[in-house]
Amino acid sequence: MTGETILACDLGTGGNKASMYDAAGACLAGAFVPYRTFYPRPGWHEQHPEDWWDAVVRSIRLLGEQRGLAGVRCVSLSGHSLGAVPLDGAGELLRDTTPIWSDTRAEQQVRRFHARVPEEQWYLRTGNGFPPACYTAFKVMWYRDQEPDLFERTTTVIGTKDYINYLMTGELCTDYSYASGSGVYDLKGWGYDPGLIDAAGLDPGLFPEIVPSTRIIGRLTGGAARQLGLEPGVPVAAGGVDNSCMAVGAGNIEEGRVYTSLGSSSWIALSSEEPVVDPGRRPFVF
């Protein structure tokens, strides 16, 4: 293959789609590898993070079979939101399965949190409109309350695409779009809210550093490059949460533009220069 290309992955609810683009933004090839979601109890929706990595590897190698990978000059991911992947001080995964965005096991933790921070106040600060138990901070509280041995060894909790970025580069961070689903993010302050973290009874250090989605966070390590079939040292961008990247891909980047998404979850989104919340807290249909 001739010419420089960008390799993008969408780590979705049902699988990973890898796509290759040329410098003009034209899609040259795509490949999809599915993975399973497990439902061991009511409200529990789990996936194996190792399955994410396997799907990324396999889908990128399928692209290599279609087009070759010699021209790849950057890799970036989007990923399904509200992940809670616990890592220890050595960066090792502490749980074989982790709850995904739709998991609602943390209802008890939500009730305790809202006894300290009223739900309306929390919503107006974070803009988080899904059922509260879906958000990362409450899942982390559940780890603390239900799996204390695991929680004691946890030094950071990261999201889906951030875990893949870590395996690619060894760097631990997230971006603003993904952090906005942590449940403890100040939507207008562009950062974690210390008061919300304190109300959750969590250590601020559990939440990863926030960087712009466009930042090059590191480069492919030799080990990751060998698995993926890419050259070591290829830059890796921070990427973003899937719905934010979807908005950009749909051209929804100007004030007043609207787009709709139809997938494992579905919504209609409006582009606005300022965050918009609904003071009436009209119920979100889930």
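All of these numbers come straight from a predicted model, not from anything done at the bench.

Draft legend 1. Main features of the overall build of the chain. Helix and strand counts for the chain come out as ten helices and 17 strands. Against the 2.2 N^0.38 benchmark of 19 Å for 286 residues, the chain shows a C-alpha radius of gyration of 19 Å, consistent with a compact globule. Structurally, the chain occupies a C-alpha span of about 60 × 45 × 30 Å along its principal axes. Long-range pairs, those at least 24 residues apart, make up 65% of the contacts in the chain between residues at least 6 apart in sequence. Looking at the chain as shown, the accessible area adds up to about 13,400 Å², and 51% of this sits on carbon and sulfur atoms. Taking the average place of the 24 positive charges on the side chains of the chain and the average place of its 34 negative ones, the gap between the two points comes to 3 Å.

Draft legend 2. Looking closely at the side chain of Asp162. Relative to the helices and strands, Asp162 resides in helix 6 (residues 160-169). For Asp162, a relative accessible area of 1% puts it in the buried group. Side-chain polar atoms of Asp162 contact the side chain of Thr174, separated by 2.7 Å. Every residue in contact with Asp162, bar those within four places of it in the chain, is listed here: Cys173, Thr174 and Tyr178.

Draft legend 3. Representation of the packing of helix 1 (residues 49-67) against helix 6 in the model. Between helix 1 and helix 6, the least distance of the axes is 10 Å, while the angle of their chain directions is 65°. You can see that helix 1 and helix 6 cross each other, and the crossing is right-handed. Taken together, the residues of helix 6 that come into contact with helix 1 (itself represented by Pro49, Trp52, Trp53 and Val56) are Thr160, Tyr163, Ile164, Leu167 and Met168. Here the residues of the contact of helix 1 with helix 6 sort into eight nonpolar, one polar and no charged.

Draft legend 4. Looking closely at the packing of aromatic side chains. Per the stated rule, a full pass over the model turns up ten aromatic pairs. Between the aromatic rings of Trp122 and Tyr135, the centroid separation amounts to 5.7 Å while the plane-to-plane angle is 75°, which identifies the pairing as edge-to-face. Placement of the pair is Trp122 in helix 3 (residues 119-126) and Tyr135 in the loop between helix 3 and helix 4 (136-146), with a sequence separation of 13 residues. Per residue, the accessibility class of Trp122 equals that of Tyr135, and both read buried. Seen in terms of ring centroids, Phe130 and Tyr135 are 6.3 Å apart; in terms of plane orientation they differ by 45°. Their pairing is tilted.

Draft legend 5. Focus on empty space enclosed by the protein. Enumeration according to the criterion identifies one cavity of 30 Å³ or more in this entry. The computed volume of the largest cavity comes to approximately 110 Å³. Along the walls of the largest cavity sit 14 residues, with Thr136, Val157, Tyr178, Ser182 and Pro208 positioned nearest its centre. Tallied by class, the residues present in the lining of the largest cavity amount to seven nonpolar, six polar and one charged.

Draft legend 6. Structural detail: the pairing of strand 17 (residues 267-270). Sheet topology note: the strand 16 (residues 258-261)/strand 17 ladder contains four bridges and is antiparallel. The residue of strand 17 that forms the bridge with Tyr259 is Ala269.

Draft legend 7. Broad picture of the pattern of salt bridges. Enumeration over the complete set of coordinates arrives at twelve salt bridges. The salt bridge partner of Glu147 is Arg95, with a shortest N-O separation of 2.7 Å. Note that Glu147 is positioned in the loop between helix 4 and helix 5 (148-153) and Arg95 in the loop between strand 6 (85-87) and strand 7 (98-99), a separation of 52 residues in sequence. We note a salt bridge from Asp145 to Arg112, for which the minimum N-O separation is 2.2 Å. Placement of Asp145 in helix 4 and of Arg112 in helix 2 (residues 107-116) is noted, with a sequence separation of 33 residues between them. A residue is classified by how much of its surface remains accessible, and Asp145, at 29% relative accessible area, is partly exposed.

Draft legend 8. Inspection of helix 1 at higher detail. Between the first and last C-alpha of helix 1 there are 27 Å, a value that for 19 residues agrees with the 27 Å anticipated at 1.5 Å per step. What helix 1 keeps buried is the set Pro49, Trp52, Trp53, Ala55, Val56, Val57, Ser59, Ile60 and Leu63. Positive backbone phi, at 85°, marks Gly68, one or two positions downstream of helix 1.

Draft legend 9. Focus on the packing of helix 2 against helix 4. Running from N to C, helix 2 and helix 4 point in directions that differ by 105°, and their axes come no closer than 8 Å. Our classification of the angle between helix 2 and helix 4 gives roughly perpendicular. Between helix 2 and helix 4, the contacting residues are Gln108, Gln109, Val110, Arg112 and Phe113 on the first element and Phe138, Met141, Trp142, Arg144, Asp145 and Gln146 on the second. In terms of residue class, the contact of helix 2 with helix 4 is made up of five nonpolar, three polar and three charged.

Draft legend 10. Broad picture of the side chain of Asp88. With respect to the helices, strands and loops of the structure, Asp88 is situated in the loop between strand 6 and strand 7. We note that Asp88 is buried and unpaired, the nearest opposite charge coming from Arg153 at a distance of 5.5 Å. Among the polar contacts listed, one links the side chain of Asp88 to the backbone nitrogen of Glu92, at a separation of 2.8 Å. In this structure Asp88 touches Leu94, Arg153 and Thr155, once residues within four positions along its chain are discounted.

Here is what the cut-offs are and how they apply
Residues numbered from 1 in each chain as written. Predicted model: local features only at pLDDT ≥ 70, side-chain atom pairs only at ≥ 80, totals over all residues. Heavy atoms only, no water. Helix = DSSP H or I, 4+ residues; strand = E, 2+ residues; numbered from the N terminus. Rg over C-alpha atoms; globule rule 2.2 N^0.38 Å. Contact = heavy atoms within 4.5 Å. Areas by Shrake-Rupley, 256 points an atom, 1.4 Å probe, with all protein chains shown as cover. Lys, Arg positive; Asp, Glu negative; His and termini not counted. Charge placed at Lys NZ, Arg CZ, Asp CG, Glu CD. Buried < 20%, exposed > 50% of the residue type's maximum accessible area, 1.4 Å probe, protein only. Polar contact = N/O pair within 3.5 Å; in protein donor to acceptor, adjacent residues only side chain to side chain. Axes fitted to C-alpha atoms, helices over the stretch in contact; angles between N-to-C directions. Left-handed = near helix turned anticlockwise from the far one by under 90°. Nonpolar A, V, L, I, M, F, W, Y, C, P; charged D, E, K, R; others polar. Phe/Tyr/Trp six-rings, centres within 6.5 Å; stacked < 30°, edge-to-face > 60°. 1 Å grid on protein atoms, 1.4 Å probe; cavity = no way out; pocket = protein on both sides within 12 Å on 5 of 7 lines; lining within 4 Å. Points joined across faces, edges and corners; volume = space filled by probe spheres on them. Pairing = 2+ DSSP bridges. Salt bridge = Lys/Arg side-chain N within 4 Å of Asp/Glu carboxyl O. Expected span 1.5 Å × (residues − 1). Parallel < 35°, antiparallel > 145°, perpendicular 65-115°, else oblique.

Shape descriptors only; they carry no functional weight alone.
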